[in-house]
Amino acid sequence: MGMTITEKILAAHAGREKVEPGELINVRIDLALGNDITAPVAIREFEKIGVDRVFDRDRVVLVPDHFVPNKDIKSAQQAKIMREFARKHGITHYFEVGRMGVEHCLLPEQGLVGPGDLVIGADSHTCTYGGLGAFSTGVGSTDLAAAMALGETWLKVPESVKFIYHGEMPEWVTGKDLILYTIGKIGVDGALYMAMEFTGPAVERMPVDGRLTMANMAVEAGAKNGIVPPDEITRRYVEGRAKRPFTFFASDPDAGYAREYDFDVSKMEPAVAFPHLPENVKPVSEASGITIDQAVIGSCTNGRMDDLREAARVLRGRKVNSNVRLLVIPGTQEIYRQAMREGLFEIFLDAGAAISTPTCGPCLGGYMGILAEGERCIATTNRNFVGRMGHPGSEVYLSSPAVAAASAVLGRIAAPWEVK
Amino acid sequence: MELRGRTWKFGNDVDTDVIIPARYLNTSDPKELAVHCMEDADPRFPAGVKPGDIIVAGKNFGCGSSREHAPIAIKAAGVSCVIAKTFARIFYRNAFNIGLPIFESPEAADRIGEGDEVAVDVEAGVIRNITRNETYRATQVPPFMQQIIAAGGLINYVAERMKRDGKV
Ligand code: SF4
């Protein structure tokens, strides 16, 4: 039997011809990532090992993005631990405020991850890079500490589940809607410990930004990684960016899958996930009428250029409803600059939106848009757990940027075509 | 080794945001984290939890974020172990890495009630419900994970290995 793309990348990094689901293997890592919440814990553990340097200072990436620019004294202390570690070890890819971005928007943009890579990060959404055809997965801080010392980690080879998306995507249906729909179908543990492989004509036509969005939310179905087979679209994206050589892997025609799903996208509507789980998904038409207090457009799920363009398309010449706060958070400094160049900031400002420097901010209830008790928010983020964006008595609905923008205008959850 | 305590029962898909909300992640001090452990799921928990107590939950325990602060908070709160139907994968790894004993047992998760007295034989993976006089089996832990436990967590395991290889 052949191998899946995930198995091939793992085998290549284990120095093996073949690996099989269920095997525990030791793999060489191309990159290890930490942020201002997880790295301080990893640094504490790293120092216990007793080594005096990281395995490769070019391959450890540290991004302060969750609580920076520092939201309070305690987070300032955490960010400082990471900054000082980066200086002490001469970490090449440490991104200071003003040069940083939300980590999973930043790494692909900077060419630090590419097709065929094996990346681990102490952040669950590290699985985002599967959108470029990499194997990437989230781990905890102690795993990051071990990886920073060894340059390798252990992994269990996951079984793969194949998703085939057929048909032409209707207007306003995006990668976010496909992945929400999928999680709605299989549930938040529907792919527990597994690799989700996203294929089919609809994905083959999708730009990289949409693919990154899909892979980003694989963890919301419990998956170890999400992956899109790399193609010409991927090549155009990585060429000129990639800081290291990359390799295109592809699944064999006779590769083994635990399950396969066929979805027809041509009848899909934009999707909305209701509180308090990403699996509570309904078509937007069934959410219409739910009033909101806040809308957030940003995050590692939907803080990229295509996302901001889509939101601007809805917001152009329109005003945010008087009962709503709209927050727009570009994913990186580059995205910020590009959005400004394209005139998107004019559109957002004219509409009455607040534009923030790149940060995770409200996505995890850190700062910059915390919800009060009883408040309701529509967000382009990836989690709507109890208390995720603030008070445990607040609510988060998940959607695409176009739906969030339309909802901001109408003051209630709405489809983009309802905005007249 | 035997772990023994009274149980706190929770449902399915207990996520890391309710185990330790992000608003408290501006510190990584285990004692500070413990004070807020599970407070969004059960406000009585942080003040009521006693050393040795056991958390029992349904499927997919620890889903969501990779924050190791979640198992750290549970351990620092004095919880001796977590029993669930299934665990989310990053939480599963993290728990072993930091030395929080966890047991997968759908049967135990279904049968054990809130406040039951439970004793767990760690090596044998046998869970005894003293209140109801029942016994359940936990899923076998892979041998590699047992090595990590035996070494006292991943960091000790790595340190030993690097010493052996002459890298420290
Ligand atoms: S944007 Fe949200 S989900 Fe993404 S890394 Fe930041 S906190 Fe995590």
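Remember, predicted model here, so these are calculated numbers, not experimental data.

Draft legend 1. Layout of the sheet that holds strand E6 (residues 126-129) of chain B. Residue and element names in this part refer to chain B. An order of E4-E3-E2-E1-E5-E6-E7 is seen for the seven strands of this open sheet, with the pairing classed as mixed. Edge positions in the sheet fall to strand E4 (102-104) and strand E7 (134-137), since each has one partner strand and no second. The average undirected angle you get between the axes of adjacent strands in this sheet is 30 degrees. Taken together, the four bridges between E6 and E7 define a ladder with antiparallel strand orientation. Counterpart to Asn129 in the pairing with E7 is Glu134.

Draft legend 2. Fine view of the pairing of strand E15 (residues 325-328) of chain A. Residues and elements named next belong to chain A. Here four bridges tie strand E14 (residues 294-297) to E15, and the two strands are oriented parallel to one another. Note on E15: the bridge partner recorded for Val296 is Leu327. Looking at chain direction, E15 and strand E16 (residues 354-355) are connected through two bridges and run parallel. Residue Val328 lies in a different strand from E16, and its bridge partner there is Ile355.

Draft legend 3. Broad picture of the state of the cysteines. Taken as a whole and assessed by the stated rule, the structure comprises zero disulfides over all chains. Take A:Cys377: it sits in no disulfide, and the sulfur closest to it among the cysteines is that of A:Cys363, at 10 Å.

Draft legend 4. Broad picture of the interface of chain A and chain B. Listed by partner, the interface residues are 53 residues for chain A and 44 residues for chain B. Both faces considered, chain A and chain B share a buried interface measuring about 3,900 Å² in area, 58% of it formed by carbon and sulfur atoms. Linking chain A with chain B are five salt bridges, by the criterion used here. In this structure, B:Arg93 and A:Asp143 form a salt bridge, with 2.7 Å as the shortest nitrogen-oxygen distance. Viewed at the interface, chain B and chain A are joined by 21 residue pairs in polar contact (both at pLDDT 80 or more). Every element with two or more residues in the side of chain A that touches chain B is listed here: strand E1 (24-28), helix H2 (38-49), helix H3 (73-88), strand E6 (135-138), helix H5 (141-150) and strand E7 (152-156) of chain A. Examining the composition of the side of chain A that touches chain B, we find that seven residues originate from one element, H5(A), more than from any other.

Draft legend 5. A look at the site of the ligand. Residues and elements named next belong to chain A. The environment of the ligand is made up of 13 residues, and the closest members are His125, Cys300, Cys360, Cys363 and Asn382. If you list the elements that add at least two residues to the shell around the ligand, you get helix H4 (103-109) and helix H10 (299-302). Of the residues that constitute the shell around the ligand, the class distribution is five nonpolar, five polar and three charged.

Draft legend 6. Layout of the packing of helix H11 (residues 305-315) of chain A against helix H12 (residues 333-341) of chain A. Residues and elements named next belong to chain A. As a packed pair, H11 and H12 sit with axes 10 Å apart at the nearest point and diverge in direction by 35 degrees. Considering how the two elements wind past one another, H11 and H12 form a crossing that is right-handed. Between H11 and H12, the residues in contact are Met305, Leu308 and Arg309 and Ile335, Gln338 and Ala339, respectively. Residues that form the contact of H11 with H12 fall into these classes: four nonpolar, one polar and one charged.

Draft legend 7. Structural context of the pattern of salt bridges. Within this structure, the stated rule accounts for 39 salt bridges over all chains. Residue A:Arg59 pairs with A:Asp56 through a salt bridge whose shortest N-O separation is 3.2 Å. Note on A:Arg59: relative accessible area 22%, which makes it partly exposed. A salt bridge links B:Arg128 to B:Glu2, with the shortest nitrogen-to-oxygen separation between them at 3.2 Å.

Draft legend 8. Looking closely at the environment of B:Lys9. All names here are of chain B. For Lys9, the position within the fold is in strand E1 (residues 2-9). Measuring from C-alpha to C-alpha, the distance between Lys9 and Ala138 comes to 17 Å, with 129 residues separating the pair along the chain. Setting aside its immediate chain neighbours within four residues, Lys9 contacts Val56, Ala109, Asp110, Ile112, Gly113 and Glu114. A polar side-chain atom of Lys9 sits 2.8 Å from the main-chain carbonyl oxygen of Ile112.

Draft legend 9. Layout of the environment of A:Thr357. All names here are of chain A. Within the fold, Thr357 resides in the loop between E16 and strand E17 (376-379). The spacing of Thr357 and Gly331 is 26 residues in sequence and 8.4 Å in space, taken between C-alpha atoms. Not counting residues within four places of it along the chain, the set of residues in contact with Thr357 comprises Pro69, Ile329, Gln333 and Tyr336.

Draft legend 10. Fine view of the pairing of E6(A). All names here are of chain A. By the alternation rule, side chains of E6 split into Phe135 and Thr137 and Ser136 and Gly138, which are all buried. Inspection of the sheet shows strand E5 (residues 118-121) paired to E6 by four bridges, in the parallel sense. Looking across to E6, one finds that Gly121 is bridged to Gly138.

Draft legend 11. The arrangement of the nonpolar core in detail. Residues A:Phe348, B:Phe61, B:Ile74 and B:Phe91 are the most contacted members of the largest nonpolar core, which totals 132 residues. Discounting chain neighbours no more than four positions away, the residues touching B:Phe91 are B:Ile19, B:Phe61, B:Gly62, B:Ala70, B:Pro71, B:Ile74, B:Leu100 and B:Ile102. Ranked by size, the runner-up nonpolar core spans 38 residues in total, among them A:Leu180, A:Ile186, A:Met196 and A:Met206.

Draft legend 12. Molecular detail of helix H13 (residues 344-351) of chain A. All names here are of chain A. For H13, the complete set of buried residues consists of Leu344, Phe345, Ile347, Phe348 and Ala351. An end-on view of H13 places all buried positions within 160 degrees of arc, on one side of the element. Exposed residues lying more than 90 degrees from the buried face of H13 are Glu346 and Leu349. Buried residues belonging to H13 abut H11, E15, H12 and E16. Gly352 sits one or two positions beyond H13 and adopts a positive phi of about 95 degrees.

Parameters at a glance
Residues numbered from 1 in each chain as written. Chains lettered and ligands numbered in written order. Predicted model: local features only at pLDDT ≥ 70, side-chain atom pairs only at ≥ 80, totals over all residues. Heavy atoms only, no water. Pairing = 2+ DSSP bridges. Helix = DSSP H or I, 4+ residues; strand = E, 2+ residues; numbered from the N terminus. Axes fitted to C-alpha atoms, helices over the stretch in contact; angles between N-to-C directions. Disulfide = S-S within 2.5 Å. Contact = heavy atoms within 4.5 Å. Buried area = accessible area lost by both parts, 1.4 Å probe. Salt bridge = Lys/Arg side-chain N within 4 Å of Asp/Glu carboxyl O. Polar contact = N/O pair within 3.5 Å; in protein donor to acceptor, adjacent residues only side chain to side chain. Near = heavy atom within 4 Å. Nonpolar A, V, L, I, M, F, W, Y, C, P; charged D, E, K, R; others polar. Left-handed = near helix turned anticlockwise from the far one by under 90°. Buried < 20%, exposed > 50% of the residue type's maximum accessible area, 1.4 Å probe, protein only. Core = buried A, V, L, I, M, F, W, Y, C linked by side-chain atoms within 4.5 Å. Arc of directions from axis to C-beta.

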